[in-house]
Amino acid sequence: MKTITVRVCQDQKFLDSFWNFDIKTELIEALRSFMRQFPGIDFKMSEIKAWKSPGVDDLSLYPLSIIKQIEGPDIVNELVRGHLRSGISNSERLKYLTEEMENIMAEIKAGENALEYLLGFFAGRFEGDIKYAFSESLKRNLPPQEDCISIGFTGKIFRFTHAEAQKGSLGWSYINSINTERPLVIIGTWMNNNASPKNVILHELGHVFGANHSNEKNSVMLEETSENMSDIFDKKNVALIRKRIMEL
């Protein structure tokens, strides 16, 4: 029997959000469901810590709002300043983004690209940078340990699934393997989703143990979560998770 410690933190924005729930209750239910399906694993849970997560309170307003409001070359400077406010401080990365955006703005002026192209470019890079900032912040708050999963709950929207729609993400596993790295999971609010918190947690735990997204409608590993999703893993992912547990 392998025992894994689950450490948890939450930011104030999550506590204030509409999706706020009793993390301990939902997490215990998710862990019990996982253990019922995979008897070779056991979990113990630590106390929930406060988390001063990076970024502004509502990341969904950026960068789309800036792009819509600003015309001309000032948009480059405003995007860079917004990037800094959102918790990104890597100077080399900002220099690269600035140069790339200036090139794109020149193309837009020349009629070679529409402004939406800049939105897509920057939103894609913003997503990668903000995910990195959140994961580094989580590692500082919950320093990596052996046989341990760190989970952070945030009320800030930290990912652009579709930039134009300003959607956030229910969750993502920064490291998709428990036996190669110290896994991190970040779970955030979702504006148009009634999925069970227990199933969202279970879905992300599946990724930590090697599960992939599934097309089977009754699987908890469906990519598009919904209020009707089950807490059961499909056969393919059961095999993947069992293999991963055997390797621990």
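Analysis parameters
- Residues numbered from 1 in each chain as written.
- Predicted model: local features only at pLDDT ≥ 70, side-chain atom pairs only at ≥ 80, totals over all residues.
- Heavy atoms only, no water.
- Helix = DSSP H or I, 4+ residues; strand = E, 2+ residues; numbered from the N terminus.
- Expected span 1.5 Å × (residues − 1).
- Buried < 20%, exposed > 50% of the residue type's maximum accessible area, 1.4 Å probe, protein only.
- Arc of directions from axis to C-beta.
- Contact = heavy atoms within 4.5 Å.
- Polar contact = N/O pair within 3.5 Å; in protein donor to acceptor, adjacent residues only side chain to side chain.
- Core = buried A, V, L, I, M, F, W, Y, C linked by side-chain atoms within 4.5 Å.
- Salt bridge = Lys/Arg side-chain N within 4 Å of Asp/Glu carboxyl O.

Draft legend 1. Seen up close, helix α2 (residues 23–37). Relative to the 21 Å expected for 15 residues at 1.5 Å per residue, α2 spans 21 Å between its end C-alpha atoms, a close match to the ideal helical length. Inspection of α2 places Ile23, Leu27, Ala30, Leu31, Ser33, Phe34 and Gln37 among the buried residues, and these make up the whole buried set. Along the long axis of α2, the arc covered by the buried residues comes to 160°, so they all point the same way. Elements that come into contact with the buried residues of α2 comprise β1 (2–10), α1 (12–16), β2 (41–50), β3 (148–154), α7 (197–208) and α8 (235–247). The N-capping residue of α2, defined by a side-chain oxygen 3.2 Å from the backbone nitrogen of Lys24, is Asp22.

Draft legend 2. Examining unusual backbone geometry more closely. Positive phi values are uncommon outside glycine, yet Asp147 reaches one of about 50°. Among the structural elements, Asp147 can be located in the loop between α6 (115–141) and β3. A relative accessible area of 34% places Asp147 in the partly exposed class.

Draft legend 3. Layout of the nonpolar core. In this structure, Phe34, Phe43, Ile149, Phe153, Phe209 and Phe233 are the most contacted members of the largest nonpolar core, which totals 34 residues. Among the elements of the structure, β1, α2, β2, β3, β5 (184–188), α7 and α8 are those that each provide at least two residues to this core. With 20 residues, the next largest nonpolar core counts Leu79, Leu94, Ile108 and Phe122 among its residues.

Draft legend 4. Quick look at the pattern of salt bridges. One pass over the structure, following the stated rule, counts six salt bridges. Across the pair Glu29 and Arg32 runs a salt bridge whose closest N-O atoms are separated by 3.4 Å. Here the residue Glu29 and the residue Arg32 both occupy positions in helix α2, the gap between them amounting to three residues, near one helical turn. On the basis of relative accessible area, Glu29 is assigned to the partly exposed category, the value being 33%. By relative accessible area, which is 45% here, Arg32 ends up partly exposed. With a shortest N-O distance of 3.1 Å, Asp231 and Lys198 are connected by a salt bridge.

Geometric descriptors of this kind do not, in isolation, establish any biological role.
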